[in-house]
Amino acid sequence: MTGIASFGAYVPMTRLPLAMIQGRPAKDGGPEKAVAYYDEDCVTMAVAAAVDCLGAFARERIDAVMFASTTYPLREKQGAVLIATALDLRRDVETADFTGSLRCGSDALKSAVRAVAAGAAENVLVVASDCRMAVPRGAMDATLGDAAAAFLVSRDGNLAKLRASSAFANEMQDVWRADGDEFVHSWEDRFVVQEGYGPAMQAAVGGLLEKSGLGIGDFARAALYAHDARSHADLARRLEIEAARLQDPLFGRVGNTGASYALLLFCAALEGARPGERVLVASYGDGAEAFAFEIGDGISGASQRRGVAGHLDRRRPLRSYDSYLRSRGLQQTEWDAGTGPGLSATIRLRERDADIGLVGAACEVCDTVHFPQPHVCYRCHARDRWRRHRLSDKTGELLAYTFDFFFPAPEPPVVMTIAEVDGCRVHIQLADVAPDQVRLELPVRFTFRKIHDAGGKPNYFWKAVPL
Amino acid sequence: MRDKAAIVGVGCCKFGENWDQSREDMMVEAAYQAYADAGIDDPQKQIDAVFCGVVYPNFSTGEVADALRLYGRPISHVQNYCATGTDAFRFGVFGVAAGVYDTVLVLGYDKPKDRGVSGPTVAFDRVRGLPATPAGWFSLCAARYFDTFGADRGDLAKIAVKNHHNGTLAPNSMLKREITVDDVLNARMISWPFGLYDCAAQSDGAAAVIVTRADRAKSFRDDYVLVKAVSIALSENPQSDPDFDFLRWKPTEYAARQAYEMAGIANPFEEIDVAQLHDCFTLTELLSYEDLGFIEKGAAREHIASGTFELTGDLPVNTDGGLKSFGHPTGATGVRMIYENVLQLRGQAGPRQVKGATTALSHNIGGAPQACGIAILGMP
């Protein structure tokens, strides 16, 4: 019977200590928020969460990708198809973007469950990811964070099953972003909470309890979208949810991550869940929607996933508010890649497998792996005898490196390396690493990242990161 | 090929940030110096073909024909990364050695300083292979070489100090300033382990040589210089080569094998008296000592310490200060090295003269690096 077969999360390791927003020095252990670094955006975070979710699951079995975000950078062009290509999925995979509301993350998850339940697909990957921009030093700068969450919904998924859901529509102008706006706008905060967040969430949860015949005490865990810490606590009180059963909304650690927020908190709740328990999930945006999930036996199985907890442990605080501004592209630099003509669309098409998928090729005669696929083999000189060989899900090690202080970056240097993976040498940047951690033979894996904004749009490739 | 072609004239303009000189100004200056040096008074009749080395965007061969007013004969551009100058020389030498031409002009020139940036251009036209800077590519052997042989940035710094010193003795060099090891170690970092002084600057420049049939050389001048060998070799890309060990640059090893065979050289350290090596970065010069077979792999550190490659050493390297002092107008560099070696062999190198030099080698390496060019010259 249809259910969640796996889940995964991604929280960027870069953190902005909230004290820096007010120009105060950061204190160890003080509140912070997770921010996408300069080479990350909602797409790269989505791919990372999807990889965390999929583990060793056979990717060719995925029938559809549903991508939810309010911050996909292009108005016309899909994010889901880019994510599917980065994950090296089948060419006949169905792809769809969900957007326009912070509720689009849970909309995608619900749609996936319904599609699988209806027999339209066997395995659907759902990824929610957001990277919303607050006006620097504005009211939302301390609350908005960046993260992604992913779920695999399968015909035989046995981690959790959706038992009931209840929506509440509420048209009002509380939080919005118009076409061309860089930053999220909000009406007066008390209005947002008193007329929007509070009543809508109560209505959705109330509807769920009525529909399902469950009482609030039947839920072992409640993962509730939080507008901010205070209104979240107030909502829990009104819903009579015990503090011990309330999923920590991660304020002071991650922040409000928009379209991915309710699903990220659901992931965190699943990490501590036991078979037979129920989890309440409620998302918000233009109204609210509440979901009752029942935890299955699969939750006890072993997993390689890093999940929310694993990502919270990996932290790299920014050194200054300036470096935050630079990493978000909010400061002028002499090197403005965005003004150039950008990549050639024809070259980008021809190199798609290598550039987007990190897919190389193994020689059918001597098995030597090459990246990208050439015509003639380095070792045995056989011509055009190749089988596809995906490198993105393999691990490798560094054979050479340099610290490049010349290439534009918010915090130079850029670490340029030659990594060996399956015997194949790849020229690749190393990310998420302090220079003194870099050494020969450093074990690495690969992560999808933004390389630059040439042509005024994001251009992606992979980077190595320490295992 | 050996001893079939001779160099009978050389010319070189001052290298530097030649803000007030055009490409035409520099190529005419170098070519007419070489004409005068060879005693050529009527290039219209005496130059059968021109081979040019140039890599920066240009107006192609027409600008050469128009600058030199040489029409009705072949003029070609040759491009082979930083070995471009040496490859242009190879085309000229082979054309003469094959008996196709009697006398040719080889002209290397480049003018990167009209671009408005002091280093390489930052590439945003692709997503793979970035950052794409020569300093990044040439530094890739550093970590492994340091680990394996115990060398460090201090050893590299001594190479920069040596070349800066030699550059003070060369009239056409750009940088005429002594530096110290501390200057090198404390300079701002470009691409580890290369600080500013580990890198050759970009500069403008042009150099020219006149190549003629060996049996006609005496009609130009008595102290002509013979071409013993000129080689070009391409190697695997070190960034993708599945067997690369990051302790050497294979292009140099390949090109050296060819050149020594052509020249009949069995023991390069004993048989070569002076060498101009491609010190685009200090580590490139260090690896070249070994890759050219001057010394054993891993022995550079002790030879740097003992001064083997200084002007007073057993095998002086970069007697004019190299790319470090001249900068690196890519197409001109290989020809500039041949200019210096010809002066050394004729005994005209002034205060930087290597006494009794009879065999001289010049070396360029470029690309990822993947291409190497080597020229060996000798006295009859």
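No experiment lies behind these values; they were computed from the predicted model shown.

Enquirer: Help me understand the overall build of chain A, please; the structure alone is not making it clear to me.
Expert: For chain A, the count of helices and strands is 10 helices and 22 strands. The C-alpha atoms of chain A give a radius of gyration of 22 Å, which matches the 23 Å a tight globule of 467 residues would have. When the 467 residues of chain A are sorted by exposure, 51% land in the buried category. Nonlocal contacts in chain A, meaning residues at least 24 apart in sequence, comprise 71% of its contacts between residues at least 6 apart.

Enquirer: What exactly am I supposed to notice about the overall build of chain B here?
Expert: In terms of helices and strands, chain B carries 14 helices and 11 strands. Here chain B has a C-alpha radius of gyration of 19 Å; the compact-globule value for 380 residues is 21 Å, and the two agree. The C-alpha extent of chain B, read off along each of the three principal axes, is 55 × 45 × 40 Å. Within chain B, buried positions represent 59% of all 380 residues. Within chain B, counting contacts between residues at least 6 apart in sequence, those at least 24 apart form 79% of the total.

Enquirer: Looking at this model, I keep getting lost on the interface of chain A and chain B. Mind explaining?
Expert: Where interface size is given, it is often the accessible area lost as the parts come together that is meant. The interface of chain A with chain B comprises 33 residues on the first partner and 28 residues on the second. Among the secondary structure elements, those contributing two or more residues to the side of chain A that touches chain B are helix H10 (352-355), strand E18 (396-404), strand E19 (414-421), strand E20 (424-430), strand E21 (443-452) and strand E22 (459-466) of chain A. Considering each element in turn, the side of chain A that touches chain B owes the most residues, 6 residues, to E18(A). Classifying every residue of the side of chain A that touches chain B by side-chain character gives 22 nonpolar, 7 polar and 4 charged.

Enquirer: Can you help me understand the packing of helix H7 (residues 153-167) of chain B against helix H11 (residues 282-291) of chain B in this one?
Expert: For any two helices packed against each other, the geometry is given by the interaxial angle and the distance between the axes. Residue and element names in this part refer to chain B. Contact geometry for H7 and H11: axes closest at 9 Å, N-to-C directions at 95 degrees. In terms of their interaxial angle, H7 and H11 are classed as roughly perpendicular. On the side of H7, the interface is formed by Asp-155, Leu-156, Ile-159 and Ala-160, while H11 contributes Thr-282, Leu-283, Glu-285 and Leu-286. Here the residues of the contact of H7 with H11 sort into 5 nonpolar, 1 polar and 2 charged.

Enquirer: I tried to follow the sheet that holds strand E11 (residues 371-378) of chain B on my own but got confused; where do I start?
Expert: Two strands in a sheet stick together by hydrogen bonds in their backbones, pointing the same way (parallel) or opposite ways (antiparallel). Residues and elements named next belong to chain B. Read across the sheet, 9 strands follow the order E3-E2-E4-E7-E1-E8-E11-E10-E9 without closing on themselves; strand pairing throughout is mixed. Of all strands in the sheet, those bounded by a partner on one side alone are strand E3 (75-78) and strand E9 (274-276). The average undirected angle you get between the axes of adjacent strands in this sheet is 25 degrees. Here helix H1 (residues 23-38) sits on the sheet in contact with strand E1 (5-12), strand E4 (103-110) and strand E7 (205-213), set at roughly 130 degrees to E1.

Enquirer: How should I be thinking about the sheet that holds strand E17 (residues 386-390) of chain A in this particular structure?
Expert: Strand order in the open sheet formed by 3 strands is E16-E15-E17 (chain A), with antiparallel pairing between adjacent strands. Each of the sheet's edge strands pairs with one partner strand only, and the pair in question is strand E16 (369-370) and E17 of chain A.

Enquirer: Looking at this structure, I do not really get the domain arrangement of chain A. What am I missing?
Expert: Residues and elements named next belong to chain A. Each assigned domain of chain A is listed with its residue range as follows: domain 1 (3-327) and domain 2 (341-466). Relative to domain 2, the C-alpha centre of domain 1 lies at a distance of 30 Å. Taken together, the contacts link 19 residues of domain 1 with 19 residues of domain 2. Those elements that provide at least two residues to the side of domain 1 that touches domain 2 are helix H1 (42-54), helix H2 (80-86) and helix H8 (321-327). Looking at the side of domain 1 that touches domain 2, the element that brings in the most residues is H1, giving 4 residues. Looking at side-chain class alone, the side of domain 1 that touches domain 2 contains 9 nonpolar, 4 polar and 6 charged residues.

Enquirer: Whenever I open this one, the pairing of strand E6 (residues 123-130) of chain A confuses me. Can you help?
Expert: Looking down a regular strand, the side chains alternate between one sheet face and the other. Residues and elements named next belong to chain A. Counting buried residues along E6, 8 of its 8 residues qualify, which places the element largely inside the surrounding structure. Of the two faces of E6, the one holding Asn-123, Leu-125, Val-127 and Ser-129 and the one holding Val-124, Val-126, Ala-128 and Asp-130 are both buried throughout. The pairing of E6 with strand E7 (residues 147-154) spans 8 bridges and is classified as antiparallel. Each bridged residue has a counterpart across the sheet, and for Asn-123 the counterpart in E7 is Ser-154.

Enquirer: What is the right way to read H7(B) from this model?
Expert: Working note: α-helix, 3.6 residues per turn, so residues spaced by three or four point in the same direction. Residue and element names in this part refer to chain B. With 15 residues, H7 extends 21 Å between its outermost C-alpha atoms, agreeing within 8% with the 21 Å of an ideal straight helix rising 1.5 Å per residue. With 11 of its 15 residues buried, H7 lies for the most part within the structure. Along H7, the positions that sit buried rather than exposed are Asp-155, Leu-156, Ala-157, Ile-159, Ala-160, Val-161, Lys-162, Asn-163, His-164, Asn-166 and Gly-167. If you follow the buried residues of H7, they end up packed against helix H8 (181-186), H11, helix H12 (300-306) and helix H13 (322-326).

Enquirer: What is the right way to read the confidence of the model for chain B from this model?
Expert: Caution applies to low-pLDDT regions: their predicted coordinates should not be interpreted in detail. When the pLDDT values of chain B are averaged, the result is 97; 100% of them are 70 or greater. Model confidence for the complex is summarised by a pTM of 0.96, with the ipTM given as 0.94.

Enquirer: How do you make sense of the pairing of strand E2 (residues 14-17) of chain A when you look at a structure like this?
Expert: Residues and elements named next belong to chain A. Both faces of E2 are covered, namely the face carrying Thr-14 and Leu-16 and the face carrying Arg-15 and Pro-17. Bridge count between E2 and strand E14 (residues 316-317): 2 bridges; the pairing is parallel. Its bridge partner being in E14, Arg-15 is matched across the sheet by Pro-317. Where E2 and strand E3 (residues 32-34) come together, 3 bridges link them in antiparallel fashion. Considered in E3, the bridge of Arg-15 is made with Ala-34.

Enquirer: Sorry, what's going on with the environment of B:Met26 here?
Expert: Residues and elements named next belong to chain B. Relative to the elements of secondary structure, Met-26 occurs in helix H1. Sequence separation between Met-26 and Cys-12 is 14 residues, and the spatial gap between their C-alpha atoms is 8.7 Å. The contact partners of Met-26, leaving out residues within four places of it in the chain, are Cys-13, Asn-18, Gln-21, Tyr-109, Asp-204, Gly-205 and Ala-206.

Enquirer: What's the story with helix H6 (residues 142-149) of chain B in this structure? I'm lost.
Expert: If you check which residues of H6(B) are buried, you get B:Ala142, B:Ala143 and B:Tyr145. The inward-facing, buried residues of H6(B) abut E18 of chain A together with H11 of chain B. One or two residues past the end of H6(B) sits B:Gly150, with phi positive at roughly 75 degrees.

Enquirer: How should unusual backbone geometry be read in this particular structure?
Expert: The phi angle of most residues is negative, glycine excepted, and most peptide bonds adopt the trans form. All names here are of chain B. Here the residue pair Trp-192 and Pro-193 is connected by a cis peptide bond, since its omega of 5 degrees sits within 30 degrees of zero. Tracing the chain through its elements places Pro-193 in the loop between strand E5 (189-191) and strand E6 (194-195). With an omega of 5 degrees, the peptide bond running from Ala-368 to Pro-369 counts as cis. In this model, Tyr-81 sits at a positive phi of 50 degrees, which is unusual for a non-glycine residue. As for its placement among the helices and strands, Tyr-81 is situated in the loop between E3 and helix H4 (84-97).

Enquirer: Got a minute to help me understand the packing of helix H4 (residues 189-212) of chain A against helix H5 (residues 229-238) of chain A in this structure?
Expert: Residues and elements named next belong to chain A. Where H4 meets H5, the closest approach of the two axes is 10 Å, and the angle between their N-to-C directions is 40 degrees. Relative to H5, H4 is oriented oblique. H4 and H5 meet at a crossing whose hand is right-handed. Within the contact between the two elements, H4 uses Val-193, Tyr-197, Gly-198, Met-201 and Gln-202 and H5 uses Ser-231, Asp-234, Leu-235 and Arg-238. Residues of the contact of H4 with H5, tallied by class, amount to 4 nonpolar, 3 polar and 2 charged.

Enquirer: How should the environment of B:Pro74 be read in this particular structure?
Expert: Residue and element names in this part refer to chain B. Along the chain, Pro-74 turns up in the loop between helix H3 (60-68) and E3. With 15 C-beta atoms counted inside 10 Å, the residue Pro-74 sits in the partly exposed group. For the pair Pro-74 and Asp-48, spaced 26 residues apart in sequence, the C-alpha to C-alpha distance is 7.5 Å.

How each quantity is defined
- Residues numbered from 1 in each chain as written.
- Chains lettered and ligands numbered in written order.
- Predicted model: local features only at pLDDT ≥ 70, side-chain atom pairs only at ≥ 80, totals over all residues.
- Helix = DSSP H or I, 4+ residues; strand = E, 2+ residues; numbered from the N terminus.
- Rg over C-alpha atoms; globule rule 2.2 N^0.38 Å.
- Buried ≥ 20, exposed ≤ 12 C-beta atoms within 10 Å, placed from the backbone.
- Contact = placed C-beta atoms within 7 Å.
- Nonpolar A, V, L, I, M, F, W, Y, C, P; charged D, E, K, R; others polar.
- Axes fitted to C-alpha atoms, helices over the stretch in contact; angles between N-to-C directions.
- Parallel < 35°, antiparallel > 145°, perpendicular 65-115°, else oblique.
- Pairing = 2+ DSSP bridges.
- Domains from an automatic or database assignment.
- Expected span 1.5 Å × (residues − 1).
- pLDDT = per-residue confidence, 0-100.
- Left-handed = near helix turned anticlockwise from the far one by under 90°.

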